[in-house]
Amino acid sequence: MTHIATTKYIALSSFLANAARDERIPAGLIKLIESVADACSSIATAVERGVFDGASGNAHSENIHGEAQKKLDVVSNDIMMGAVESVSCLRGLASEELESVQMTGHEHSADTPDYLLLFDPLDGSSNLEISGIVGSIFSVLAAPATDAVLDESHFLQPGVKQVCAGYAIYGATTMFVLTTGYGVDGFTFDGESASFVLTHPQLQIPENTREFAINMSNERYWEEPVRRYVRECVAGASGPRQTNFNMRWIASMVAEVHRILMRGGVFLYPRDNKNPQLAGRLRLTYEANPMSFIVEQAGGMSTTGEMPIMEVQPDHVHQRVPVILGSRLEVERLLRYHDEAAAA
Ligand code: F6P
Ligand code: MN
């Protein structure tokens, strides 16, 4: 087997140093991003080794959303917290697996900006038992420049305020995908150098697609504009779209978004009336916002159906939101269908 020298690829640490030099990221953020990336490579190992380390199966506990936690959900959360807690610019964190936000105890420094980290440590964890694709998602917000004690209210910033977002995917390869507002770059974990290296610079989502992703078993609960959209896709070449569509559902948002970044597509977890008291299935602050930032930075679009996801003002850190995102022309079409239904 021929090995291609990975030295031809730029390492994440050099990429970040260059980006800071060119003022594409604040220098103070580098340590935090590197610590998150380190945590992700450790989570990849934990996922791979779960069965040997006694970490497979259920933790016999529930998270704040009432979902059964897997042991690896808890392990991944501990890995992420352990990796970032000592980063001095990080003042607080929020996680899907923690009931309330936690402060790190680091004091505000007058010289450098402070940050807040929000994350879903192991997305799509129902895929673990089938050795399917899982991932981690994270979002970074600026912390207020104050010596005062911080609390959940400081995390309740709309997605447009994110300074950085990304995800790691644990699939056939482990990748780390990042934006600081200057496009989206993808790094592949190279086991030989034990580092992430830049393999997918400046990813762009094709504006057109013939692929959609939605959990079809919820069809009877969907809102009408989404039913219309999917009905027309399924009708294929003999329907109003006059072309055949393909459907994919991996049940891991990281995997769906990654596929869309690689080849286009549209992903929907829309508002539905399955649990009318919930706005949607996915979580705004640590799932929908970071993925929307990534998608929009790659030329795609993201919406609740009514407004851009990143403009939603969060009321609490575990809030849910309807999600429609991906290739721009399809998301625009879905928005049009929502507008038409509202006007009817
Ligand atoms: O985190 C929630 C999540 O696991 C997403 O990653 C995924 O897109 C979705 O839920 C899967 O939902 P369902 O269980 O309806 O297939
Ligand atoms: Mn998740």
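Residues numbered from 1 in each chain as written. Chains lettered and ligands numbered in written order. Predicted model: local features only at pLDDT ≥ 70, side-chain atom pairs only at ≥ 80, totals over all residues. Heavy atoms only, no water.

What follows is about the nonpolar core. The biggest cluster of nonpolar side chains holds 43 residues, and the ones touching the most others in it are Leu32, Val36, Leu117, Phe138, Phe176 and Leu178. For this core, the element with the highest residue contribution is helix 2 (residues 30-49), accounting for 10 residues. In this structure, valine 36 is in contact with Met80, Val84, Leu117, Phe138 and Phe176, ignoring residues within four places of it in sequence. Judged by nonpolar contacts, the second largest core, of 28 residues, contains Ala213, Leu284, Val312 and Leu325. (Core = buried A, V, L, I, M, F, W, Y, C linked by side-chain atoms within 4.5 Å. Buried < 20%, exposed > 50% of the residue type's maximum accessible area, 1.4 Å probe, protein only. Helix = DSSP H or I, 4+ residues; strand = E, 2+ residues; numbered from the N terminus. Contact = heavy atoms within 4.5 Å.)

Further remarks concern the UniProt feature "domain: Fructose-1-6-bisphosphatase class I N-terminal" (unreviewed entry) in the chain. Feature annotation in UniProt places "domain: Fructose-1-6-bisphosphatase class I N-terminal" (unreviewed entry) on residues 15-201, given in this structure's numbering. Secondary structure content for residues 15-201 is 22% helix and 32% strand, while the C-alpha to C-alpha distance between its ends is 10 Å. (UniProt positions renumbered as here; feature names shortened; annotations may be inferred.)

On to the site of ligand 1, then. Close to ligand 1 lie 13 residues; Asp123, Asn215, Met253, Tyr269 and Glu287 are nearest. In this structure, asparagine 215 approaches ligand 1 through a side-chain N or O atom, which is 2.9 Å from an oxygen atom. At 2.7 Å from an oxygen atom of ligand 1 is found a main-chain nitrogen or oxygen belonging to methionine 253. Looking at the shell around ligand 1, the elements that each hand over two or more residues are strand 13 (266-269) and strand 14 (282-283). (Near = heavy atom within 4 Å. Polar contact = N/O pair within 3.5 Å; in protein donor to acceptor, adjacent residues only side chain to side chain.)

Turning our attention to the pairing of strand 1 (residues 58-62). With 3 bridges connecting them, strand 1 and strand 2 (residues 68-70) associate as antiparallel partners. If you follow asparagine 58 over to strand 2, its bridge partner there is lysine 70. Count of turn residues in the strand 1/strand 2 antiparallel hairpin: 5 residues, of which glycine 66 carries a positive phi of about 80°. (Pairing = 2+ DSSP bridges.)

Now for the coordination of the manganese ion (ligand 2). Summarising the metal site, the manganese ion (ligand 2) is bound by the protein donors Asp120 (OD), Asp123 (OD) and Glu287 (OE), whose distances to it range over 2.0 to 2.2 Å. Counting the intervening residues between successive donors of the manganese ion (ligand 2) yields the motif D-x2-D-x163-E. Side by side, aspartate 120 and aspartate 123 carry an identical accessibility label, which is buried. (Donors = N, O, S within 2.8 Å, 3.2 Å for Na, K, Ca; no water.)

Turning to the packing of aromatic side chains, a few remarks are in order. Under the criterion given, the structure shown has 7 aromatic pairs. Their ring planes at 40° and their centres at 5.4 Å tell us that phenylalanine 176 and phenylalanine 196 sit as a pair that is tilted. Residue phenylalanine 176 is located in strand 8 (residues 174-179), and its partner phenylalanine 196 is located in strand 10 (residues 195-200); the two are separated by 20 residues in the primary sequence. The exposure class assigned to phenylalanine 196 is buried, which follows from its relative accessible area of 5%. Taking the centre distance of 5.2 Å and the plane angle of 70° together, the rings of phenylalanine 189 and phenylalanine 196 count as edge-to-face. Phenylalanine 189 sits in the partly exposed class, given a relative accessible area of 29%. What links up through ring pairs into an aromatic cluster is the set Phe138, Phe176, Phe189 and Phe196. Sitting above the plane of the tyrosine 337 ring, arginine 228 keeps its charged end 3.6 Å from the centroid. (Phe/Tyr/Trp six-rings, centres within 6.5 Å; stacked < 30°, edge-to-face > 60°. Lys NZ or Arg CZ within 6 Å of the ring centre and 35° of its normal.)

With that settled, consider the UniProt feature "binding site: Mg(2+) 2" (unreviewed entry) in the chain. The UniProt feature table records "binding site: Mg(2+) 2" (unreviewed entry) at Asp120, Asp123 and Glu287. Spanning 168 residues, the annotated positions come together in the fold, the maximum distance between their C-alpha atoms being 8.7 Å. Among the secondary structure elements, aspartate 120 is positioned in strand 5 (residues 115-123). Under the relative-accessibility criterion, aspartate 120 is labelled buried at 1%. Filtering out sequence-adjacent residues up to four positions away, aspartate 120 remains in contact with Glu96, Gly135, Ser136, Ile137, Tyr286 and Glu287. Residue placement: glutamate 287 occurs in helix 6 (residues 284-297).

What follows covers the domain arrangement of the chain. Interface size is commonly expressed as the accessible area that is lost once the parts come together. The assigned domain composition of the chain is domain 1 (12-200) and domain 2 (211-343). Counting residues at the interface gives 48 residues for domain 1, matched by 32 residues for domain 2. Considering only the side of domain 1, the residues that lose the most area to domain 2 are His65, Leu156 and Tyr167, jointly responsible for 20% of the buried surface there. Applying the counting rule to domain 1 against domain 2 returns 3 salt bridges. When the shortest N-O distance is used, the salt bridge between glutamate 96 and arginine 283 registers 3.5 Å. (Domains from an automatic or database assignment. Buried area = accessible area lost by both parts, 1.4 Å probe. Salt bridge = Lys/Arg side-chain N within 4 Å of Asp/Glu carboxyl O.)

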